[in-house]
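Below are the chains, spelled out letter by letter.
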Amino acid sequence: MTRPWPATPAFLRRLTQFNRRWRQRHRCLARWTGGGWWARGSVISPELRAWYNAFLPPDELQRDLRLLALDDLPQRSLLPSALEPDAPPPLSVPDWWATLNDDFAGHLDLEPDSFPALLCNLADPSRMGTDTGRYPEQTAPLLDWLDRQPASNRLRLLDLGCGVGLGTYELAALLDDRNRPAEVRGVTAEGLEVWMASHRRLPHDPCRQRRFPTLRPHTAVAVSFRRGHAEDYCDDDAGAAYDLIVCNGLAGGRFLSAPPQLNAFLDTLERLLAPTGLVLLGNRFHDGSRPGVERLMRLAVQRGWSLSGHWQSLQLERRPRRPY
Ligand SMILES: C[S@@+](CC[C@H](N)C(=O)[O-])C[C@H]1O[C@@H](n2cnc3c(N)ncnc32)[C@H](O)[C@@H]1O
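Computed from a prediction, not measured in an experiment: that's the story for all the values here. (Residues numbered from 1 in each chain as written. Predicted model: local features only at pLDDT ≥ 70, side-chain atom pairs only at ≥ 80, totals over all residues.)

What follows is about the packing of helix α5 (residues 115-123) against helix α8 (residues 191-199). Think of two packed helices as two axes; the pair is described by the angle between the axes and how far apart they sit. Contact geometry of α5 with α8 gives a least axis separation of 8 Å together with a crossing angle of 110 degrees. Considered as vectors, α5 and α8 are oriented roughly perpendicular to each other. Between α5 and α8 lies a crossing of left-handed hand. Of the residues in α8, those touching α5 at Leu 119, Cys 120 and Ala 123 are Leu 192, Glu 193 and Met 196. Counted by class, the contact of α5 with α8 contains five nonpolar, no polar and one charged residues. (Axes fitted to C-alpha atoms, helices over the stretch in contact; angles between N-to-C directions. Helix = DSSP H or I, 4+ residues; strand = E, 2+ residues; numbered from the N terminus. Parallel < 35°, antiparallel > 145°, perpendicular 65-115°, else oblique. Left-handed = near helix turned anticlockwise from the far one by under 90°. Contact = placed C-beta atoms within 7 Å. Nonpolar A, V, L, I, M, F, W, Y, C, P; charged D, E, K, R; others polar.)

Printed below as a string of structure tokens:
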């Protein structure tokens, strides 16, 4: 695997200390318990957690990984939020492994060249499920909307909570296929997601990296990414309003479901959307998140939005449409 940025001497020194310390602790655990006994798919019982926590304290691991990351990353803003000083540590090291790809789970000796991939995996854990082709029911309203846009208009599209950008490029490819000049911007919370999306690289997941949709050479569709939050995003380049805003897998889910956040999210939509613009909200949440999405739907109606579709695939417009 090619390292995306060069390793600094400070990082390499700290990594040697890290590996010595955590390998030794892991060996001690194995001696006491007759072998490590976490494997992918194991139930993480309170007893297993207690054993691991006695030898491999998760808050210390989180701190040591943060220090390593700060020595390795080219910019502080790329630090995964899971390593920020105010982020809650995982319940135990097995709980942490369970969120990671196989390359990083089950051991604590880290390779210098794969450390950036581990950081990318922390910023984009597999539970995020970011991928292409996740919201096929959005295609019909999207094409219907596109047909209604004057052909000469340079369209502006925003993808809020875009993750590593696979869906953003999919949107761009759809416009590119139809020869529609456009600017497509993806906004997401993690600095490393912005890096991965902008570079079209997923160092932790080469399989998924192959699924970045490609645009034709000399395309009239420009794609860009910024770090930001759906509750207060403002364009740094003060562009015009957006004709279409997409927000998938975010609104009403675990990242954004409290009423103040939902109202702030609606403020963002109202500030950034052109008066005749369209908002598409999709999700693949399980039923437990449905009340969060329905809360958003109620607030939107109270604020004068017209809604159509269903809770996992909604269309919102400012102009009156048939009532939901
Ligand atoms: C479940 S993923 C969805 C990614 C992509 N839209 C999709 O549907 O495939 C949610 C994404 O939102 C980002 N995120 C979390 N909180 C956010 C916020 N407040 N504003 C913008 N993005 C956020 C996460 O980093 C993550 O990439």
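Not every one of the 21 residues close to the ligand is listed here, only the nearest: Gly 161, Gly 163, Ala 189, Asn 248 and Gly 249. In terms of residue class, the shell around the ligand is built from eight nonpolar, nine polar and four charged. (Near = placed C-beta within 6 Å.)

For the rest of this paragraph, the subject is the environment of Pro 89. Inspection of the secondary structure puts Pro 89 in the loop between α3 (58-72) and α4 (93-97). When the C-alpha positions of Pro 89 and Leu 78 are compared, they lie 19 Å apart, and in sequence the two are 11 residues distant. Excluding residues that lie within four positions of it along the chain, Pro 89 makes contacts with Pro 58, Asp 59 and Gln 62.

This part covers the sheet that holds strand β7 (residues 313-317). The seven strands lie next to each other as β3-β2-β1-β4-β5-β7-β6, forming an open sheet whose pairing is mixed. Whereas interior strands pair on both sides, the edge strands pair on one side only; in this sheet they are β3 (221-227) and β6 (306-310). Strand-to-strand twist across the sheet, computed as the mean angle between neighbouring axes with direction ignored, equals 15 degrees. Two strands pair when backbone bridges link them, and β6 and β7 are joined in this way by five bridges, in the antiparallel orientation. The partner of Gly 309 across the bridge, within β7, is Leu 314. Most of the contacts of α8 go to β3, to which it runs at about 160 degrees, and overall it touches β2 (182-188) and β3. (Pairing = 2+ DSSP bridges.)

Purely spatial values, then, with no claim about function.
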